[in-house]
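Examining the three-dimensional arrangement
Residue strings, one per chain:
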Amino acid sequence: VPENVWAQMSLFLHRANHGLNIGNFEFDLSQGEIRFKTSLQCKVDQFSHQIFQSLVHHNVLVVDEYLPGILSIISDSMSAEAAIMMIESPAVGDA
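Given the structure is predicted, the values throughout are model-derived calculations rather than measurements.

What follows concerns the packing of aromatic side chains. All told, the structure shown has 5 aromatic pairs when counted by the stated rule. On the basis of an interplanar angle of 75° and a centroid distance of 5.9 Å, the ring pair of Trp 6 and Phe 27 is categorised as edge-to-face. One end of the pair, Trp 6, is in helix α1 (residues 3-18); the other, Phe 27, is in strand β1 (residues 24-28), with 21 residues separating them in the sequence. Overall, Phe 27 belongs to the buried group, its relative accessible area being 19%. Relative to Phe 36, the ring of Phe 25 lies with its centre 4.9 Å away and its plane at 65°, an arrangement referred to as edge-to-face. In this pair, Phe 25 sits in strand β1 while Phe 36 sits in strand β2 (residues 33-37), placing the two residues 11 residues apart along the sequence. A relative accessible area of 5% places Phe 25 in the buried class. Each residue in the set Phe 12, Phe 25, Phe 36 and Tyr 66 is aromatic and connected to the rest through ring pairs, giving one cluster.

What follows covers the pairing of β1. Alignment of β1 against β2, held across 5 bridges, turns out to be antiparallel. Paired with Phe 25 across the two strands is Phe 36, which belongs to β2. Turn length for the β1-β2 hairpin, with the two strands adjacent in sequence and antiparallel, is 4 residues, and the turn residue Gly 32 shows positive phi of about 75°.

Here is what the cut-offs are and how they apply
Residues numbered from 1 in each chain as written. Predicted model: local features only at pLDDT ≥ 70, side-chain atom pairs only at ≥ 80, totals over all residues. Heavy atoms only, no water. Phe/Tyr/Trp six-rings, centres within 6.5 Å; stacked < 30°, edge-to-face > 60°. Helix = DSSP H or I, 4+ residues; strand = E, 2+ residues; numbered from the N terminus. Buried < 20%, exposed > 50% of the residue type's maximum accessible area, 1.4 Å probe, protein only. Pairing = 2+ DSSP bridges.

This is the structure we're talking about:
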């Protein structure tokens, strides 16, 4: 993987993290691995299947939202700025 792609990916994930309220992306520079993680602080007796399901659902939604930008950087050598604008800019009529 070209070094520029990793630099653009790092910048893209940094910019993505800035706008996230829950969870964050991590990028392992040594292997190129991308992770999305969230955490939850609650007492054992407050933890439920519904809370767990909601947390997993949120992770899947965020990764699905940002995956096109990640893939565009990898395959098209798109810049981080262009990729983040593609993801976070409202479509015409959505503003």
